[in-house]
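# Architecture and fold: a report
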Amino acid sequence: MSRDWMILLQEQTQLSEVIKTNEATKQFGLSLTKQDAELILAERKHTLAEQKRIEFGESITPKIIYEFCDSAFIQQSNYAETIIRLQEIFYLYKNEMLDEITDDELLHLMKELFEHICFGDTDYLKSTCLAGFAEAIRAGYDGYQGSNGYGEYTKFDIVKRWDHALYLEALKELCWR
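Structure report, in brief.

Thresholds applied
Residues numbered from 1 in each chain as written. Predicted model: local features only at pLDDT ≥ 70, side-chain atom pairs only at ≥ 80, totals over all residues. Heavy atoms only, no water. Helix = DSSP H or I, 4+ residues; strand = E, 2+ residues; numbered from the N terminus. Contact = heavy atoms within 4.5 Å. Areas by Shrake-Rupley, 256 points an atom, 1.4 Å probe, with all protein chains shown as cover. Buried < 20%, exposed > 50% of the residue type's maximum accessible area, 1.4 Å probe, protein only. Lys, Arg positive; Asp, Glu negative; His and termini not counted. Salt bridge = Lys/Arg side-chain N within 4 Å of Asp/Glu carboxyl O. Phe/Tyr/Trp six-rings, centres within 6.5 Å; stacked < 30°, edge-to-face > 60°. Polar contact = N/O pair within 3.5 Å; in protein donor to acceptor, adjacent residues only side chain to side chain.

### Section: the overall build of the protein chain
On a plain count of helices and strands, the protein chain comes out with eight helices and zero strands. Ordered by position from N to C terminus, the α and β elements of the protein chain give α-α-α-α-α-α-α-α. Contacts in the protein chain between residues far apart in sequence, at least 24 positions, make up 65% of those at least 6 positions apart. Surface exposure of the protein chain reaches about 10700 Å², of which carbon and sulfur atoms provide 55%.

### Quick notes on unusual backbone geometry
Phi is positive for Asp 99, which is not a glycine, with a value near 55°. Its place among the elements puts Asp 99 in the loop between α5 (79-96) and α6 (103-116). In this structure Asp 99 comes out as partly exposed when scored by relative accessible area, which is 42%. Positive phi, close to 50°, is recorded for Phe 119, a residue that is not glycine. Here Phe 119 lies in the loop between α6 and α7 (122-138). Residue Phe 119 is classed as exposed on the basis of its relative accessible area of 52%.

### Comments concerning the side chain of Glu 67
Relative to the helices and strands, Glu 67 resides in helix α4 (residues 61-68). Here Glu 67 sits buried without a salt bridge, and the closest side chain of opposite charge, Lys 111, lies 5.2 Å off (N-O distance).

### A closer look at the packing of aromatic side chains
Counted according to the given criterion, the structure contains five aromatic pairs. When the centroid spacing of 6.3 Å and the interplanar angle of 85° are considered together, the rings of Phe 73 and Phe 114 count as edge-to-face. Taken together, the residues Phe 73 in the loop between α4 and α5 and Phe 114 in helix α6 connect sequence positions 41 residues apart. By relative accessible area, Phe 73 is classed as partly exposed at 26%. Take Phe 114: its relative accessible area is 0%, and that puts it in the buried class. Taking the centre distance of 5.4 Å and the plane angle of 80° together, the rings of Phe 90 and Tyr 91 count as edge-to-face. Its relative accessible area of 2% is what places Tyr 91 among the buried residues. Through a chain of ring-to-ring contacts, the aromatic side chains of Phe 68, Phe 73, Phe 114 and Phe 119 assemble into a single cluster.

### What to know about the environment of Thr 33
In this fold, Thr 33 is placed in the loop between α2 (22-25) and α3 (34-50). Between the C-alpha atom of Thr 33 and that of Ala 80, which follows or precedes it by 47 residues, the distance is 9.3 Å. Of note is the side chain of Thr 33, whose polar atom sits 3.0 Å from the backbone nitrogen of Asp 36.

### As for the pattern of salt bridges
A complete count under the given rule lists 10 salt bridges for this structure. Where Arg 85 meets Glu 88, a salt bridge forms, and the shortest distance between an N and an O atom there is 2.9 Å. Of this pair, Arg 85 and Glu 88 both sit in helix α5, three residues apart, which is roughly one turn of the helix. The class for Arg 85 is buried, based on a relative accessible area of 18%. Taking the relative accessible area as the measure of exposure, Glu 88 reaches 25% and is therefore partly exposed.

In C-alpha cells:
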C-alpha cells in the first residue's frame, strides 16, 4: 500500500511540474490543460518502458517544454503532440548515443536541429538528423564536449541544404523562358 501511495505522490508531483510550465510558456501562446499534461506523462511512462529506461529524480518533460516553448514551429494546436514526440525522440537517442551525451547537450542539439535543419519536422529530426550524430557518438566522437550541444550537427551533415542564391537563379531561369 505504501508503494502505491509513493507512486501516486510522484505522479502528482510530475503533473504539477508540467502544469507549472504554463507560467513560462503562456508568453509564447502555449499552455497545457490538465488532460494534456496527463497524456504527455502517460506517453512518457510508455516511452520509458518501450526504451527500457528509468528516470530518477526530475522528469525530463519540463526541460523539453522549456527548451522548445519558443519554437517558431510549435503552435497551440500541435503543442501537446509535439512534446510527446520530442520525449520519444529524446529517450530513443539517449539510448542510441549510449548515454554519452548529457540531457542538456541532447536537448540543445535537438532544438537547434528542430529549428534550423528540420523546420519543425519531428520525423526528419528522428530519422535523419539525429541518426548521423548518434552514429558518430557510438564511433567515439567526443568533440561535442564543451559545446553544450550547440553547433555540432554541421560537422556531420551530409545533406545539401537550401541555397537561397541558387533558388533565385533557378526562379529567374523559369520566369524568362
